[in-house]
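# Geometric and topological summary
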Amino acid sequence: MIISAPNRQRWLIGRGPIVHTLATVHRVDALIQRLVANGRFDDACEAYGLLAAADRLSCVAMNVVAHMSYARRFDLSGAPLAAEDFKAVPEGHTGGALNMVPAFVGYLLANALTGTTRGWIMGQGHCVAAIEAVNALTGDVSPTQKGRYDRSEAGLSRLCRDFYSYAIDALGQAAVPVGSHAGPNTAGAVSEGGYLGFAELQYVHMPLPGESLVAFLSDGAFEEQRGSDWAPRWWRAEDCGLAVPVMIHNGRRIEQRTQIAQQGGARWLEEDLRHNGFTPCTVDGRDPAAIAWAIIEAEQGLQNFVGTPERHYPAPLPYVIAQTEKGYGFYGAGTNAAHNLSLETNPRHDAGMRALFNHSAHGLFVPAHELDEALAALSNHTIQHRPLESAHPMAHRWPAAPVLPPAIPALPGTAGSAMEALDVWFARFVEANPGLRPRVGNPDELASNKMGTTLRLLKHRVNQPEAGVPEDRLGSVITALNEEAVAAAALANKGGLNLIVSYEAFAVKMLGLIRQEINFARRQRQAGRPAGWLSVPLVVTSHTWENAKNEQSHQDPTIGEALLGEMSDTARVLFPVDGNTAIAALREVYSGRGQIACLIVSKRETTHRLDAATAERLMHDGAVHLIGSPSDAEVQFVAIGAYQLEEAIKAQQHLAQRGQRACVTVLLEPARLRLPRDELEATFTASESFTQSLCPPDMPRVIITHTRPEAMLGLLRRIDGGRARTRALGYINRGGTLDVPGMLFANRCTWAHLVDAATSAAGWERNALLGRAERDAIDGIGDPACLRPNKFSRPTSRREPANANAAAMRLPHGAPM
């Protein structure tokens with residue numbers, strides 16, 4: 001066919017540093033001919049007009065990026081900046097952001113050419129200046145930025161001044177809606193991208209069927225978390241949308257070349273990707289047209305696979321390698337300095353550097369009328385009946401409220417595994433919500449963690465199922481011996497329902513990923529646009545106390561302690577004590593949105609202590625008196641955790657036999673009692689009147705916690721009566737190859753240690769409450785075996801009715817709060 005000459009020639013000339021290679025021209029010509037033949041355009045002239053517009057937008061956006069790092073204002077006329085126009089302290093990740101501009105504009109161009117608004121995620125969140133510059137120029141800004149940033153000289157200058165201004169308001173929050181990394185004020189952003197490597201793990205799990213996603217990745221992050229090369233193991237045409245990764249391969253990290261560059265560059269990377277099931281394609285990363293072509297072609301390849309009647313997995317997933325040089329388009333490109341600030345000194349004080357800046361900026365200059373023409377061409381959303389890029393579906397997840405099946409309560413006084421109870425309920429939950437895509441993140445051992453019903457229902461996702469093993473090509477359990485990779489599958493599936501199950505000790509390896517999700521969701525809430533995805537539970541089991549047999553590598557409560565340090569309205573930490581409380585907690589989590597909740601759940605059989613109604617009250621209030629109440633007790637045991645509750649009950653029994661009155665309070669969610677750190681957290685924490693009624697200020701108190709005692713005592717300052725009246729026991733970093741009683745003894749958390757702590761807090765006579773053998777044991781000079789639980793009532797099996805002793809432990813003793 002005859003290609004319309006004027007706009008094609010205009011595009012072929014390029015603009016500023018953007019030059020179109022022969023390979024790109026051939027590829028783009030073929031694409032345009034196909035789009036015209038398919039009826040997307042009446043003729044090629046309009047399509048080439050979009051290509052030329054993308055060149056001009058890229059140049060101006062790169063210019064804005066450089067100004068954001070160095071300048072206080074942007075001059076649309078292209079006039080050189082004077083010394084006073086530069087920042088006193090320049091800052092920015094300039095090189096990577098310059099590289100992101102043609103990539104992001106290429107994404108916009110692909111959308112404009114095909115009439116489809118794709119989603120996007122950027123793993124290198126420090127390159128946010130590229131997104132903010134393009135968004136300000138196109139006018140597709142967030143509600144917080146609207147009216148502040150636009151393509152006027154005043155709007156662009158304000159963006160430059162705000163960037164790294166460190167402005168802060170009276171409440172201690174950022175006073176400008178632009179930051180060093182992507183955030184909720186970045187239109188269309190779904191992740192901060194501060195922890196490199198996590199977008200690589202998440203992108204394949206993000207789009208639902210019928211959706212498309214472009215994931216911008218960095219070659220530096222390729223060295224981060226393992227698992228990005230497993231994407232072909234997880235993608236399925238039946239339940240996944242189209243996902244196209246675009247690696248910005250500039251060859252440099254902060255201080256040196258990337259490992260990819262050292263190994264052999266793009267050719268080496270292509271070979272590595274082929275070995276892992278990808279179909280790589282290297283394009284010119286300096287050219288938005290090349291990026292747009294690659295995105296469209298990659299999607300077409302996937303769509304061809306989807307249309308194949310007999311599909312065989314793994315699918316040939318696309319992988320775009322956008323080859324460029326760090327900081328291309330500005331002075332210092334290709335050097336290590338380009339990562340941050342490529343000019344050797346500050347142009348505010350150095351005339352030579354000022355001249356270099358102005359020279360580079362002049363090379364990117366586009367007259368205002370050409371920019372307006374380019375933006376008008378690319379703003380074809382209304383004509384194409386598609387949303388703006390900021391409105392892509394992955395940025396606005398709000399699945400329907402799930403059906404929450406009622407619990408099947410366990411009988412108090414009987415024995416059972418809380419994980420088994422949770423497992424059965426979760427399987428019913430999945431079956432009750434067929435419209436929500438399930439994902440279970442499993443770093444192996446789901447069955448040994450008592451989630452057998454869930455595993456049989458959902459099955460491990462594999463390419464080739466093994467006979468006799470719960471595996472399926474369309475399985476919903478994402479299993480790999482890599483905590484970060486499997487957690488990413490659940491956290492990325494924001495249009496569905498999710499669960500992460502892990503050993504407690506190894507869940508800490510997920511912390512960076514989880515914290516990034518928490519922080520982004522918290523900031524969305526602060527911005528008045530709360531996240532709408534269904535809250536995600538992280539269930540940690542085989543925990544510190546029941547993993548006594550497996551040395552100290554398996555005995556670590558850090559994950560709960562770390563998450564208690566986050567803002568509790570978004571990061572919840574719960575300590576269920578039996579099956580009924582585990583189910584109540586899980587139902588509560590799934591009724592919420594935009595939260596991540598860590599549930600520390602026992603998999604070994606323990607005694608079910610609360611009936612279903614009391615478990616619900618415990619979940620609602622965060623705490624409940626199980627035995628007695630402070631009004632009729634001389635000392636209060638506050639138990640946080642299942643094994644801790646058992647020891648508290650034994651201590652209460654022991655004291656009761658000796659005429660001393662103690663009450664036992666279960667604290668399911670300790671953060672409810674914390675001192676709130678801001679107004680949002682204050683809406684989550686308990687009132688002062690409730691806290692004082694729960695734990696009267698003058699009451700002698702012993703806190704026994706699943707965690708390290710210092711961390712919990714710091715959290716619970718509101719119920720800490722000081723050294724004279726409050727004692728705290730918990731994990732003190734002692735362990736080894738032990739059994740559970742040995743683990744409790746090693747960490748001074750047995751019932752006898754609780755009694756000893758109570759005598760000190762209450763001022764009782766120690767010798768009257770503990771025998772000589774018991775005192776010697778806890779003093780470290782006797783036999784610990786005398787403290788073993790042979791004198792206390794034992795729970796019945798799940799098949800037997802509760803006996804008299806078990807019935808005596810039931811809730812009529814408890815006082816409602």
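As a starting point, this report considers the structure included with it. Just so we're clear, the structure is a prediction, and the values are computed from it rather than from any experiment. Each chain carries its own residue numbering, running from 1 in the direction its sequence is written. Only residues with pLDDT of at least 70 get local features here, since the model is predicted, and only at 80 or more are side-chain atom pairs given and counted; chain-wide, interface and lining totals rely on the full set of residues. Values shown for side chains rest on all heavy atoms present in the structure; no hydrogens or waters enter the calculation.

### Comments concerning the pattern of salt bridges
- Salt bridges are defined as contacts in which a side-chain nitrogen from Lys or Arg sits within 4 Å of a carboxyl oxygen from Asp or Glu. In total, this model carries 41 salt bridges according to the counting rule given.
- E238 is paired through a salt bridge with R311; the nearest N and O atoms lie 3.1 Å apart. Highlighted residues: E238 in the loop between α8 (231-234) and β3 (242-249) and R311 in the loop between α11 (288-306) and β5 (317-323), separated in sequence by 73 residues.
- Exposure classes here rest on a 1.4 Å probe applied to the protein chains alone. A residue is buried below 20% of its type maximum, exposed above 50%, and partly exposed in between. Judged by relative accessible area, E238 falls into the partly exposed class, the value being 32%.
- Residue classification places R311 among the partly exposed residues on the basis of a relative accessible area of 25%.
- For R766, the salt bridge is made with D779, and the minimal N-O distance between the two is 2.7 Å. Pair noted here: R766 is in helix α29 (residues 766-769) and D779 is in the loop between α30 (772-778) and α31 (804-808), with a separation of 13 residues, a long-range link.
- Using a relative accessible area of 23% as the deciding quantity, one classes R766 as partly exposed.
- Classification of D779 by relative accessible area gives partly exposed; the value is 43%. Counting from the N terminus, the helices are DSSP H or I runs at least four residues long and the strands are E runs at least two residues long.

### Some words on the side chain of H608
- As for its position among the elements, H608 is in the loop between β15 (605-607) and α22 (612-621).
- Those residues in contact with H608, other than ones at most four positions away along the chain, are A410, L411, P412, G413, T414, A415, G416, D578, G579 and N580. Throughout, a contact is declared for two residues whenever any of their heavy atoms are within 4.5 Å.

### Overview of the sheet that holds strand β2 (residues 212-218)
- Pairs of strands are assigned from DSSP output, requiring at least two bridges between the strands. Spatial strand order, β1-β2-β3-β5-β4: five strands in an open sheet with parallel pairing. If you trace the sheet from one side to the other, it starts and ends with β1 (119-122) and β4 (278-284), each paired once. On average, adjacent strands in this sheet sit at an angle of 20 degrees to one another, irrespective of strand direction. Only the stretch in contact is used when a helix axis is fitted, and all axes are lines through C-alpha atoms; the angle between N-to-C directions ranges over 0 to 180 degrees.

### A look at the pairing of strand β19 (residues 701-705)
- The buried fraction of β19 is high, at five of five residues.
- Along β19, one buried face is formed by R701, I703 and T705 and the opposite face, lined by V702 and I704, is buried too.
- Sheet topology places strand β17 (residues 635-640) next to β19; five bridges connect them, and they run parallel. Bridge assignment links A639 to a residue of β19, and that residue is I704.
- Note: β19 against strand β20 (residues 726-729), four bridges, orientation parallel. Opposite V702, over in β20, you have R727 as the bridge partner.
- Note that the unit made of β19, helix α26 (residues 709-715) and β20 has a crossover that is right-handed. By convention a crossover is right-handed if, when the strands point away from the viewer, the path from the first strand over the helix to the second runs clockwise.

### Observations concerning the pairing of β17
- Summarising burial for β17: six of the six residues are buried, a large majority.
- Neither face of β17 is open: one carries V635, F637 and A639, the other Q636, V638 and I640, and all of them are buried.
- Following the backbone out of β17, through helix α23 (residues 642-656) and into the adjacent parallel strand β18 (residues 662-667), one traces a crossover that is right-handed.

### Considering the environment of L586
- Note on placement: L586 falls in helix α21 (residues 579-590).
- On the basis of relative accessibility, which here comes to 0%, the residue L586 falls in the buried class.
- In sequence terms L586 and Q653 are 67 residues apart; their C-alpha atoms lie 31 Å from each other.
- Not counting residues within four places of it along the chain, the set of residues in contact with L586 comprises L422, W425, F426, P537 and L599.

### Topic: the packing of aromatic side chains
- Two rings belonging to Phe, Tyr or Trp (six-membered ring only in the last case) form a pair when the distance between their centres is within 6.5 Å. Interplanar angles under 30 degrees mark stacking, angles over 60 mark edge-to-face geometry, and anything in between is tilted. Counting across every chain of the model gives 22 aromatic pairs.
- On the numbers, 6.2 Å between centres and 85 degrees between planes, the contact of Y107 with F216 is edge-to-face. Within this pair, whereas Y107 is found in helix α4 (residues 94-114), its partner F216 is found in strand β2, the two being separated by 109 residues in sequence.
- Given the relative accessible area of 0%, Y107 is considered buried.
- What makes F216 buried here is its relative accessible area of 0%.
- A network of ring pairs unites the aromatic residues Y70, F86, F330 and F357 as a single cluster.
- Above the face of the W533 ring, K494 is positioned so that its terminal group lies 5.3 Å from the ring centre. The rule is short: NZ of Lys or CZ of Arg within 6 Å of the ring centre and within 35 degrees of the ring normal puts a charge over the ring.

### Structural notes on α22
- Residues T614, A615, L618, M619 and D621 constitute the buried set of α22.
- Phi turns positive one or two residues past the end of α22, at G622, with a value near 90 degrees.

### Considerations on unusual backbone geometry
- Residue P314 follows Y313 across a cis peptide bond; omega there is 10 degrees.
- Among the secondary structure elements, P314 is positioned in the loop between α11 and β5.

### Section: the state of the cysteines
- Counting rule for disulfides: a pair of cysteine sulfur atoms within 2.5 Å. Under the definition given, this model contains zero disulfides.
- C59 carries a free sulfur, and the closest cysteine sulfur to it, the one in C160, is 17 Å from it.
- Given the relative accessible area of 1%, C59 is considered buried.

### Considering the nonpolar core
- Core analysis: the biggest nonpolar cluster contains 94 residues, and I32, M100, L113, F216 and V246 have the highest contact counts within it.
- In contact with I32, not counting residues within four places along its chain, are A44, A47, Y48, L51 and L113.
- Of all hydrophobic cores here, the second largest spans 81 residues; its members include Y319, L513, I514 and C695. The definition of a nonpolar core used throughout is a set of buried Ala, Val, Leu, Ile, Met, Phe, Trp, Tyr and Cys residues joined through side-chain atoms within 4.5 Å.

### Side note on the packing of α21 against α22
- It is at 9 Å that the axes of α21 and α22 come closest, and there the two elements cross at 50 degrees. With respect to α22, the axis of α21 lies oblique. As for the relative orientation of α21 and α22, their crossing is right-handed in sense. Touching N580, T581, A584, A585, R587 and E588 of α21 are A612, A615, E616, L618 and M619, all from α22.
- In this count, Pro and Cys sit with the nonpolar residues alongside Ala, Val, Leu, Ile, Met, Phe, Trp and Tyr, while Asp, Glu, Lys and Arg are called charged and the others, Gly among them, polar. Considered class by class, the residues forming the contact of α21 with α22 number six nonpolar, two polar and three charged. Working rule for angles: under 35 degrees goes down as roughly parallel, over 145 as roughly antiparallel, 65 to 115 as roughly perpendicular, anything else as oblique. Helix crossings get a hand from a simple test, with the near helix turned counterclockwise from the far one by less than a right angle marking a left-handed crossing and a clockwise turn marking a right-handed one.

### A look at the environment of P470
- Note on placement: P470 falls in the loop between β8 (460-461) and β9 (471-472).
- Those residues in contact with P470, other than ones at most four positions away along the chain, are L455, K459 and H460.

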